[in-house]
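Examination of the molecular architecture
Here is how the chains run, residue by residue.
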Amino acid sequence: MTIQKSKELYARALPLMPGGVNSPVRACKSVNAVPLFIERAKGDQIIDADGNTYIDYICSWGPDILGHGDPEIIEAVKKACDRGLTFGACHKGEIELTGLIRTHMPSMEMMRLVNSGTEAVMSAVRAARGYTGRDKIIKFEGCYHGHSDGLLVKAGSGLLTAAVPDSAGVPKGCTEGTLLANYNDEQSVKDLFEQYGNDIAALIVEPCAANMGVVPPKEHFLQFLREITSAYGTVLIFDEVITGFRLSLGGAQQYYGVYPDMTTLGKIVGGGMPLAVYGGKKEVMECVAPLGSVYQAGTLSGNPIAVSAGIAAIRALEKRENAYQLLEEKSRKLASAMQLSGMNVNRVGSIMTAFFTDQTVTDYRSAKSADTAQYAEYWSYLLENGIYTAPSQFEAMFVSLAHSDEDIEATCKVIAAFHHQS
Ligand SMILES: *Cc1c(COP(=O)(O)O)cnc(C)c1O
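So, here is what we can say about the structure in this document. (Residues numbered from 1 in each chain as written. Predicted model: local features only at pLDDT ≥ 70, side-chain atom pairs only at ≥ 80, totals over all residues. Heavy atoms only, no water.)

1. So, the pattern of salt bridges
Enumeration according to the criterion identifies 10 salt bridges in this entry. Between arginine 315 and glutamate 96 there is a salt bridge, with its nearest N and O atoms 3.2 Å apart. Here arginine 315, found in helix H11 (residues 304-319), pairs with glutamate 96, found in helix H3 (residues 92-104); they are 219 residues apart in sequence, far enough to count as distant. Notably, a salt bridge pairs glutamate 328 with arginine 332, separated by 3.8 Å at the nearest N-O pair. Here the residue glutamate 328 and the residue arginine 332 both occupy positions in helix H12 (residues 323-340), the gap between them amounting to 4 residues, near one helical turn. Of the residues examined, glutamate 328 reaches a relative accessible area of 23% and is grouped as partly exposed. (Salt bridge = Lys/Arg side-chain N within 4 Å of Asp/Glu carboxyl O. Helix = DSSP H or I, 4+ residues; strand = E, 2+ residues; numbered from the N terminus. Buried < 20%, exposed > 50% of the residue type's maximum accessible area, 1.4 Å probe, protein only.)

2. A few points about the nonpolar core
Core analysis: the largest hydrophobic core is formed by 37 residues, its most contacted members being Tyr57, Leu334, Met338, Met343, Met352 and Tyr378. Going through the elements one at a time, strand S3 (53-56), H12, strand S12 (351-355), helix H14 (372-384), strand S13 (387-388) and helix H15 (405-421) are the ones with two or more residues in this core. The element contributing the most residues to this core is H14, with 7 residues. Ranked by size, the runner-up nonpolar core spans 34 residues in total, among them Met108, Phe245, Ile314 and Ala323. (Core = buried A, V, L, I, M, F, W, Y, C linked by side-chain atoms within 4.5 Å.)

3. Describing the pairing of strand S8 (residues 235-240)
Among the 6 residues that make up S8, 6 are buried, leaving the element largely enclosed by the rest of the structure. Side chains Val235, Ile237 and Asp239 of S8 all project onto a buried face; the interleaved residues Leu236, Phe238 and Glu240 project onto the opposite face, where all are buried too. The parallel pair strand S7 (residues 200-205) and S8, bridged by helix H8 (residues 221-232), forms a crossover whose chirality is right-handed. Considered for its hand, the β-α-β crossover made up of S8, helix H9 (residues 251-256) and strand S9 (residues 262-265) is right-handed. (Right-handed = clockwise from strand over helix to strand, strands pointing away.)

So this is what it looks like as structure tokens:
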């Protein structure tokens, strides 16, 4: 296997973009590798510039739950293109998409379409602050909510591997109102509410954390968050940018049966195009301009191409019989293969992480105990054997409906052989 062309492209990219990339984790720094340049992708396969084919378990970091280039999404996008790329005006598709979302997620009474998960979270937090008239928010260590100033504190993911706890360029004032709690630790949340209770506008959480690797909520944890936020009049925000349409059509809230005041969606909801959503309780969303005084806008918001992709993705998921059961079965096989090889796996539905640590991973601290050098070795081994996974210990492995049983089997065999090697 040669990656000569990727190396050449990387050399050309380096002087043009910081690290040669448009998002840090793609730089493959934490696994000491050259990023692969992708030529095309189809189904569960991704093909690099040198013509190497891999089974892809990144799936664009979540959006491609139907696999790459789902024919129905491609068809919908082509049709939408013929009608025009952007209008900067209202169109019927917006009603169809928001209606579909509300059907599957009744807690989203009213919503706004935006362009990225970062923007969705930033706007949801602003709406919660506007609604409550309070400034402080609670987030959990290791949860990632996009790269807006106020949320770049102990934010997991790319930041975790880079060992940069906070970003430069974020004024102190921006994070002053951000209080940190420990994931799965009720006491840490209680302490914050006891001290700051009536100043806390919102509590934001990944209902199943997936940006410090996959860390499921302990039993009753989400219910506890629901109860304490209600008691203090704090807006509970579930950041379902990964889990929305991933754990079920109704997201993590349906999967766990705990319903937030507000929700952010991204990734799958855009069907592979840049689209995200924030929304929730009518009385909160009615604070958003032009109804209310919380300002939020977007030139390309509700872009007709992205909206058409989102609609097609959700419709395709609705149509597939047993979609989530199939995802569960495929994913269970992979997780079993890892466990048989002695790996420490956290899995919920079709997202999972093998942590190179003996500790049970329940929060940021236990996640950080993982041996990233060992992960790097595992990652390289998988890649050499045609399996493309996240170049970081603190990311999820994503399974799609396009992952064929043969490819899952082949992957399990490769994983099993890693055990024999080491
Ligand atoms: C990916 C992600 C975001 C940010 O979304 P972008 O579209 O990358 O800005 C926010 N929250 C969670 C939970 C995510 O996984």
